[in-house]
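# Breakdown of the fold
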Amino acid sequence: MDHVNDLFTPFLLEAQRVLRPRGIVVAKIADLVHNHLYQWQHVEFINAATALGMNPCDVAIKVDPASGNLASSKWKRVLHLRRAHLYWIVVRADGSCETCGRVHRSVA
């Protein structure tokens, strides 16, 4: 299953329910190109968390150095590299901020 954006909100709601105050969610989200359309799943995950009053407070991006290796490819030019990046996103379930200690709530 490539399209999981609709599962982000139910997943995050359950995480909010079961986590202790100041608990965190760590999610691994990959780049995705489907039917020649780039899907911004990492942005959708962050937007879903923010809409629920959670604080997406940190992200680490892992780049696959072999993703641009076209030596074994029949294509001369690639416009999109599927799964070239992985995003590790940290979300604080109660909206708290490690930096300032306050709770940040969405205004959406």
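Here the structure is shown first, and the text comes after it.
Overview of the structure. Values in this document were obtained by computation on a predicted structure and should not be read as measured data.

Reading guide: rules and limits
Residues numbered from 1 in each chain as written. Predicted model: local features only at pLDDT ≥ 70, side-chain atom pairs only at ≥ 80, totals over all residues. Heavy atoms only, no water. Helix = DSSP H or I, 4+ residues; strand = E, 2+ residues; numbered from the N terminus. Buried < 20%, exposed > 50% of the residue type's maximum accessible area, 1.4 Å probe, protein only. Contact = heavy atoms within 4.5 Å. Areas by Shrake-Rupley, 256 points an atom, 1.4 Å probe, with all protein chains shown as cover. Core = buried A, V, L, I, M, F, W, Y, C linked by side-chain atoms within 4.5 Å.

The next subject is the overall build of the protein. Within the protein, the secondary structure is distributed over two helices and five strands. Along the protein, helices (α) and strands (β) appear in the sequence α-β-β-β-α-β-β when read from the amino end. Classification of the 108 residues of the protein by burial places 28% in the buried group. Residue pairs at least 24 apart in sequence account for 74% of intrachain contacts in the protein once pairs closer than 6 positions are excluded. For the protein, the accessible surface area stands at approximately 7600 Å², while carbon and sulfur atoms represent 57% of it.

To continue, consider unusual backbone geometry. Among all residues save glycine, negative phi is the norm, and among peptide bonds the norm is trans. Its identity as a non-glycine residue notwithstanding, Arg22 has a phi of 65 degrees, on the positive side. Exposure remark for Arg22: the relative accessible area of 40% places this residue in the partly exposed category.

What follows deals with the environment of Pro56. Its place among the elements puts Pro56 in strand 4 (residues 55-63). Along the primary structure Pro56 and Val25 are separated by 31 residues, whereas in three dimensions their C-alpha atoms are 9.1 Å apart. Discounting chain neighbours no more than four positions away, the residues touching Pro56 are Ile46, Ala49, Thr50, Val90 and Val91.

Moving on, we come to the nonpolar core. Soluble globular proteins tend to pack their nonpolar side chains together in the buried interior. Formed by 14 residues in total, the largest nonpolar core has its most connected members in Leu12, Val25, Ile29, Phe45, Met54, Ile89 and Val91. Within the residue set of this core, elements represented by two or more residues are helix 1 (5-18), strand 1 (24-30), helix 2 (41-51) and strand 5 (85-92). Discounting residues that sit within four places of it in the chain, Phe45 has contacts with Phe8, Phe11, Leu12, Val25, Ala27, Ile29, Ile89 and Val91.

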